[in-house]
Amino acid sequence: MAKVLAALRNHWKKSTFGACLLGWGGHWLYGKHCDNLLRRAACQEAQAFGNQLIPATMPLKKATVFLNPAACKGKAGNLFEKNAAPILHLSGLDVTVVKVITGLLRRADEAAFSKIPIGFIPLGKTCTLSHTLYPESTNQVQHITNATLAILKGETVPLDVLQIKGEKEQPVFAVSGLRWGSYRDAGVKVSKYWYLGPLKTKAAHFFSTFKEWPQKHQAALIYLGPTERPPEEPEEESSRLPFHVRLYRRLLSYWSRPKEVSQEVAPEDWEEVKLSTIELSIATRNRQLDLTRTEDFMDICIEAESVSKGQFVHRGSQKMRDPHMCPEGSQHIQASRCILKLPEGTEGSFGIDNEEYEAMPVEVKLLPRKLRFFCDPRMRQQMLQAAVQ
């Protein structure tokens, strides 16, 4: 024992390094053990759900799972297969996996398919949609398993969708929004500075200020104001009913449908804004969901171009966490539809739900409550309580 203590004292640097390495290894193994326990508990809950008996006349419950393959530096697929897929397999649900909302809404049967509730699996670290649907969690495995179990519990909320269409291209759809500007351009370059560790975000924004300053993005924006929100239709339950009941309801709905009466359509009141901005964002209200609001609109944020380089670097870090934040001093517009006209020869790219698209003149149209997403029952309850207060 004395020799061991003497060796540790004589080689204290190596001993300290070894102790730190051993402590880190023990902590890592303990974390893996805890993650396995979380997965096991979630699978047991899913198996209990899957073992429930259902009547022979009732079809399997269906769900669509939204998976972003580019999330988490391309590791989203592995995270899904390891943490979410086993739960879905044990649940007995008829699950369809889609990789982008655009693919779902471009389907020939999108009118019927979009009525199937969507389960969103949060595999990235900056998606604001997960903050709306699920409680915060510092443990990634727990966050993913809780989101997957929410699909089994069946609580849903309606979310808006943006339809973004160029002059010639097929429309693209987004549940978060569109970004165009310097913060977005700097944000996509953060991974290039991986060797700087926690300073990589600030470095990407700092080096982007070496370009012409201030950085201006000029365009013309034509828009319509908010529209009145109609009463929400009850959730579709017909897929769980026998065929003869569904047929009867459809015939009854058809026979009782009032005759169409031609009405004069009021002229649309368009407004136009000439903008010169460091960044423009067009976002849904999904990240600040209000189940009782009486108007439908999207948020347009036109940020002031008079930003110092220091403010740009600081704000860039904030926008990595909340891409559609609208800083103080920005022009804020609420619109149900807008047309963005870019000067001829404009270069650069849009960020649409974190996917990159060539910048071009586009029309953006709000599709209110287009899709229903599964959510944690606690989050839905909080939304309802906030509405009452």
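The rules behind these values
Residues numbered from 1 in each chain as written. Predicted model: local features only at pLDDT ≥ 70, side-chain atom pairs only at ≥ 80, totals over all residues. Heavy atoms only, no water. Disulfide = S-S within 2.5 Å. Helix = DSSP H or I, 4+ residues; strand = E, 2+ residues; numbered from the N terminus. Buried < 20%, exposed > 50% of the residue type's maximum accessible area, 1.4 Å probe, protein only. Axes fitted to C-alpha atoms, helices over the stretch in contact; angles between N-to-C directions. Parallel < 35°, antiparallel > 145°, perpendicular 65-115°, else oblique. Left-handed = near helix turned anticlockwise from the far one by under 90°. Contact = heavy atoms within 4.5 Å. Nonpolar A, V, L, I, M, F, W, Y, C, P; charged D, E, K, R; others polar. pLDDT = per-residue confidence, 0-100. Pairing = 2+ DSSP bridges.

Student: I would appreciate a short explanation of the state of the cysteines in the present structure.
Tutor: Here, the word disulfide means a covalent bond between the sulfur atoms of two cysteines. The tally for this structure, following the rule as stated, stands at one disulfide. The residue that forms a disulfide with Cys301 is Cys326, at a sulfur-sulfur distance of 2.1 Å. Measuring handedness by torsion sign, the sulfur bridge of Cys301 and Cys326 sits at about 90° and is right-handed. Linking Cys301 in strand β12 (residues 298-302) with Cys326 in the loop between α11 (309-321) and β13 (331-335), this pair joins segments that are 25 residues apart in sequence. When its relative accessible area of 4% is taken as the criterion, Cys301 is described as buried. With a relative accessible area of 34%, Cys326 lands in the partly exposed category.

Student: Any chance you could explain the packing of helix α9 (residues 200-208) against α11 here in plain terms?
Tutor: To describe two helices that pack against each other, one gives the angle between their axes and the distance between the axes. Across the interface, α9 lies against α11 with an axial gap of 9 Å and an inter-helix angle of 135°. In terms of their interaxial angle, α9 and α11 are classed as oblique. For the crossing formed where α9 meets α11, the hand is right-handed. Touching Thr201, Lys202, His205, Phe206 and Ser208 of α9 are Phe312, Val313, Gly316, Ser317 and Met320, all from α11. Here the contact of α9 with α11 is built from residues that sort into four nonpolar, five polar and one charged.

Student: Looking at this model, I keep getting lost on the confidence of the model for the protein chain. Mind explaining?
Tutor: Atom-level detail of predicted coordinates should not be read off regions where pLDDT is low. Confidence in the prediction of the protein chain, expressed as mean pLDDT, is 83, and 84% of residues score 70 or more. Every residue in residues 258-266 scores below 50 in pLDDT, and together they form zero contacts with partners more than four places removed in sequence or on other chains.

Student: Explain the environment of Ser114 here, please?
Tutor: By the element assignment, Ser114 lies in the loop between α5 (110-113) and β3 (118-120). Residue Ser114 is classed as buried on the basis of its relative accessible area, which comes to 7%. Sequence spacing of Ser114 and Leu104 is ten residues, and the spatial spacing of their C-alpha atoms is 7.4 Å. Leaving out residues up to four positions away in the same chain, Ser114 has contacts with Leu104, Leu105, Lys370 and Leu371.

Student: In this structure, what is going on with the pairing of strand β4 (residues 156-166)? I would like to understand it.
Tutor: Side chains on a regular strand alternate between the two faces of the sheet. Among the eleven residues that make up β4, nine are buried, leaving the element largely enclosed by the rest of the structure. With ten bridges joining them, β4 and strand β17 (residues 362-374) adopt antiparallel strand pairing. Note on β17: the bridge partner recorded for Ile164 is Val364. Taken together, the three bridges between β4 and strand β5 (residues 172-174) define a ladder with antiparallel strand orientation. Across the sheet, residue Leu162 finds its bridge partner in β5, namely Ala174.

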